[in-house]
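Examining the three-dimensional arrangement
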Amino acid sequence: MAEDLDNLIICKKCRTLHRKIDLPAKKVARCAVCGHKLYSDVEGAFAKAVSYSITSLILFIVANLFPIIDVYVKSNHSQLTIPSMISTLFSEEFYVVGSIVLVVVVIAPLSVIFSYLALWFLTYFKLSKSLAKHIISFLMVSRSWAMVDIFAVSILVALVKLFGYAQINYGVSAIALALFVMVDLLFLKSIKPVELWTYFSRVYYER
Amino acid sequence: MRDKYIRCPYCESVNENTDGVVYCRNCRNRISGRKEINLHTAWAMLITAMVFYVIANTYPILVFDKFGSISQNTIIGGVIALWDEGSYPIAVIIFLASVFVPLLKFFLILYILTNYKKPQKGSKRIDQAKLYHITEVIGPWSMIDVFVVSILATVVHFGTVKITAGIGATAFVLMVFFTMLSAMAIDIRLMKEDSSGD
């Protein structure tokens with residue numbers, strides 16, 4: 001029975017039941033009713049997510065180390081970096097806002113990256129099956145709390161508010177952050193849970 | 001009266017839909033608990049979020065200290081100020097993200113919670129699942145205003161001119177948090193019951 005259920009999939013958007021088929025490389029399976037993407041070629045999706053997670057780790061470190069924007073108001077100068085933003089919130093005693101910003105902008109994205117790397121390590125050497133299972137579950141939860149893309153849009157909105165009063169220069173991290181968001185949306189967030197689980201069962205059960 | 005199969009929201013695997021609590025056969029997460037408890041949790045989270053929404057909109061989200069004269073901005077005040085300055089697209093984005101989207105989420109969750117008892121068939125059932133899908137996708141975008149306030153509070157921090165976050169910001173963050181929890185507490189079985197039982 002369990003074997004049979006593994007061959008089925010329910011569309012996330014409209015909840016129609018489908019039977020899974022093996023896909024050739026670079027092909028995508030879509031829902032017959034609403035057209036929502038169900039899954040794609042599994043091996044390719046996982047390999048891409050892992051390799052791009054290394055890219056995004058480097059980009060993320062750069063985005064955190066250097067200023068995103070430099071603001072000049074007359075003789076005053078200030079910089080925006082992600083750590084300085086969080087420390088400002090904490091030093092002004094906005095602990096709730098500070099903690100949630102810390103989680104959604106730093107901790108959750110890092111958890112996603114390290115989960116992919118750990119998962120690759122475990123599946124490559126076929127180590128601890130139960131740990132790999134937990135990592136996939138953890139990955140899915142942390143992915144829904146990672147909001148760097150929304151943060152990047154917020155920077156643009158904040159710039160519009162500042163344009164009238166200040167001179168603004170873009171820092172090194174602005175580019176790193178923009179690239180991080182692109183990689184994140186295209187490769188790390190686009191992989192479906194079912195693709196990870198299919199890959200998982202292929203590695204550990206050789207199905 | 002119910003579907004034969006149920007989709008695990010964590011790992012997307014297909015499970016048999018039995019009475020009572022259902023644990024995913026693949027990832028062992030709980031897919032569905034006792035219906036009454038889920039319903040009460042979703043209601044409790046929703047009401048909490050609504051209270052925080054009122055607080056977030058009445059108290060200032062941003063405090064602007066300019067040479068000692070302090071002006072305070074509420075969310076709506078900020079939107080109106082942007083509109084007056086002529087930044088229409090940004091005013092619309094902030095309005096949608098901070099005022100409209102949370103309200104939309106409240107109404108969608110209310111709709112699902114009040115309609116779950118009626119058996120749904122065919123297209124109407126698909127619509128409800130789609131509505132839920134939309135609330136999941138747009139929900140996090142409400143965070144824009146909180147991020148903007150945090151960014152402004154960091155960069156506008158000079159001796160005589162200073163921006164700090166207001167009480168409204170804390171209430172707003174908690175509102176987003178509880179709305180997400182409320183949406184998560186909604187049991188997928190609450191809205192997918194139908195009489196065809198495909």
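Residues numbered from 1 in each chain as written. Chains lettered and ligands numbered in written order. Predicted model: local features only at pLDDT ≥ 70, side-chain atom pairs only at ≥ 80, totals over all residues. Heavy atoms only, no water.

All names here are of chain A. Domain assignment breaks chain A into domain 1 (1-40) and domain 2 (41-205). Each of domain 1 and domain 2 has a C-alpha centre, and these two points are 28 Å apart. Counting residues at the interface gives 13 residues for domain 1, matched by nine residues for domain 2. Surface buried jointly by domain 1 and domain 2 totals about 660 Å² across both partners, of which 43% is contributed by carbon and sulfur atoms. (Domains from an automatic or database assignment. Contact = heavy atoms within 4.5 Å. Buried area = accessible area lost by both parts, 1.4 Å probe.)

Right, let's get into the side chain of A:Thr88. Mapped onto the fold, A:Thr88 is located in helix α3 (residues 82-91). By relative accessible area, which is 13% here, A:Thr88 ends up buried. Contacts of A:Thr88, omitting those with residues within four sequence positions, involve B:Ala153, B:Thr154 and B:His157. (Helix = DSSP H or I, 4+ residues; strand = E, 2+ residues; numbered from the N terminus. Buried < 20%, exposed > 50% of the residue type's maximum accessible area, 1.4 Å probe, protein only.)

Before going further, it helps to spend a moment on the packing of aromatic side chains. Each pair of aromatic rings is reported with the distance of its centres and the angle of its planes. Under the defined criterion, the tally for this structure stands at 15 aromatic pairs over all chains. Here B:Trp83 and B:Tyr88 contribute two aromatic rings whose centre-to-centre distance is 4.5 Å and whose plane-to-plane angle is 65°, an arrangement assigned as edge-to-face. With relative accessibility at 42%, the residue B:Tyr88 sits in the partly exposed group. Consider the rings of B:Phe177 and B:Phe178, whose centres lie 5.8 Å apart with planes at 80°: the pair is edge-to-face. The rings of A:Trp120, A:Phe121, A:Tyr124 and A:Phe125 are connected pair by pair, giving a single aromatic cluster. (Phe/Tyr/Trp six-rings, centres within 6.5 Å; stacked < 30°, edge-to-face > 60°.)

Let's shift gears to the pairing of strand β6 (residues 76-80) of chain A. Residues and elements named next belong to chain A. Pairing of strand β5 (residues 69-73) with β6, which is carried by five bridges, proceeds in the antiparallel orientation. Its bridge partner lying in β6, valine 73 is registered against asparagine 76. Linking β5 back to β6 in an antiparallel pair, the connection comprises two residues, with lysine 74 at a positive phi of about 50°. (Pairing = 2+ DSSP bridges.)

Taken together, the contact pairs 55 residues of chain B with 57 residues of chain A. Taken over both partners, the interface formed by chain B and chain A buries close to 5,200 Å², and the fraction arising from carbon and sulfur atoms is 74%. Three residues, B:Glu12, B:Phe147 and B:Phe158, lead the burial of chain B against chain A; their summed loss comes to 13% of the area buried on that side. Connecting chain B to chain A are zero salt bridges. At the junction of chain B and chain A, the tally comes to one residue pair in polar contact (both at pLDDT 80 or more). Examining the composition of the side of chain B that touches chain A, we find that 10 residues originate from one element, helix α5 (residues 144-155) of chain B, more than from any other. Broken down by class, the residue content of the side of chain B that touches chain A amounts to 35 nonpolar, 11 polar and nine charged. (Salt bridge = Lys/Arg side-chain N within 4 Å of Asp/Glu carboxyl O. Polar contact = N/O pair within 3.5 Å; in protein donor to acceptor, adjacent residues only side chain to side chain. Nonpolar A, V, L, I, M, F, W, Y, C, P; charged D, E, K, R; others polar.)

Before going further, it helps to examine the environment of A:Arg30. Residue and element names in this part refer to chain A. Note on placement: arginine 30 falls in strand β3 (residues 28-30). Residue arginine 30 is classed as exposed on the basis of its relative accessible area, which comes to 52%. C-alpha separation for the pair arginine 30 and histidine 18, spaced 12 residues apart in sequence, amounts to 9.8 Å. Setting aside residues no more than four positions away along its own chain, arginine 30 makes contact with Gly35, His36, Lys37 and Leu38. In terms of polar contacts, arginine 30 uses its side chain to reach the backbone carbonyl oxygen of glycine 35, at 3.3 Å.

Below, the discussion takes up the environment of B:Phe177. Relative to the helices and strands, B:Phe177 resides in helix α6 (residues 167-185). In this structure, B:Phe177 is in contact with A:Ile100 and A:Trp145, ignoring residues within four places of it in sequence.

As a further point, take the sheet that holds β6(A). Residue and element names in this part refer to chain A. Read across the sheet, three strands follow the order β6-β5-β7 without closing on themselves; strand pairing throughout is antiparallel. Because the sheet does not close on itself, it has two edges, and the strands there are β6 and β7 (167-170). Neighbour-to-neighbour, the strand axes of the sheet open up by a mean angle of 20°, direction not taken into account. Alignment of β5 against β7, held across four bridges, turns out to be antiparallel. Within the sheet, the bridge partner assigned to isoleucine 69 lies in β7 and is tyrosine 170. (Axes fitted to C-alpha atoms, helices over the stretch in contact; angles between N-to-C directions.)

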